[in-house]
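So the chains spell out like this:
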Amino acid sequence: METKSFSVTLVSSTNQAVFDRLIQSYECEFSAITKKLPLSDGSFNLDIRLGGAVMGFLAYTGEVPCVFNVVKCTLMASKSASFSFRRQGLGYRLMESVCDRYCGKWEVKQIEGADSAQAF
């Protein structure tokens, strides 16, 4: 089996559209818990806005985006892997990479009721 490279990058204007699409899928997945309904165009209103103290990260296997993470100061606010990449430890690798880059004490936040999200 071929091992693909794993890379992590900060969300910027060059990859913002990738992040936006992944976060829409996250909003859809958790809508049963958050009770959010899609807008008339099928998209969801986003609670997360990047900028200032809020940073987004994207992880790739090869050239394929596989997981994203949102960080606010020292709070890991959201993390989600695309379905086809789940249970491979990629969310853990992304969070480990962010923690290595930004040393210090971290707090991880989770949507109440999303118990499976703890097993990253």
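Whatever comes next refers back to the structure up there.
It should be emphasised that the depicted structure is a prediction, and the values quoted were computed from it without experimental measurement. (Residues numbered from 1 in each chain as written. Predicted model: local features only at pLDDT ≥ 70, side-chain atom pairs only at ≥ 80, totals over all residues. Heavy atoms only, no water.)

(A) Spatial organisation of the pairing of strand 3 (residues 64–72). Two elements, strand 2 (residues 54–61) and strand 3, share 8 bridges in a ladder whose sense is antiparallel. What sits directly across from Met55, in strand 3, is Val71. Connecting strand 2 to the next strand, strand 3, in antiparallel fashion are 2 residues, including Gly62 with a positive phi near 65 degrees. (Pairing = 2+ DSSP bridges. Helix = DSSP H or I, 4+ residues; strand = E, 2+ residues; numbered from the N terminus.)

(B) The arrangement of helix 1 (residues 16–29) in detail. Look at helix 1: 20 Å from first C-alpha to last across 14 residues, which is about the 20 Å you get at 1.5 Å a residue. Buried within helix 1 are the following residues: Phe19, Leu22, Ile23, Tyr26 and Glu27. Buried positions in helix 1, seen along its axis, are confined to an arc of 145 degrees and lie on one side of it. (Expected span 1.5 Å × (residues − 1). Buried < 20%, exposed > 50% of the residue type's maximum accessible area, 1.4 Å probe, protein only. Arc of directions from axis to C-beta.)

(C) Local environment of the environment of Val98. Inspection of the secondary structure puts Val98 in helix 3 (residues 90–101). Classification of Val98 as buried rests on a relative accessible area of 1%. Considered as a pair, Val98 and Asn69 are 29 residues apart in the sequence and their alpha carbons are 8.9 Å apart.

(D) Molecular detail of the nonpolar core. Counting residues in hydrophobic clusters, the biggest one holds 13 residues, and the most contacted among them are Phe19, Ile23, Tyr26, Leu58, Phe68 and Val70. Looking at this core, the elements that each hand over two or more residues are helix 1, strand 2 and strand 3. Here the element with the most residues in this core is helix 1; it accounts for 4 residues. (Core = buried A, V, L, I, M, F, W, Y, C linked by side-chain atoms within 4.5 Å.)

(E) The pattern of salt bridges, seen in detail. Under the definition given, this model contains 1 salt bridge. Glu27 is the partner of Lys36 in a salt bridge, and the nearest nitrogen-oxygen pair spans 2.9 Å. (Salt bridge = Lys/Arg side-chain N within 4 Å of Asp/Glu carboxyl O.)

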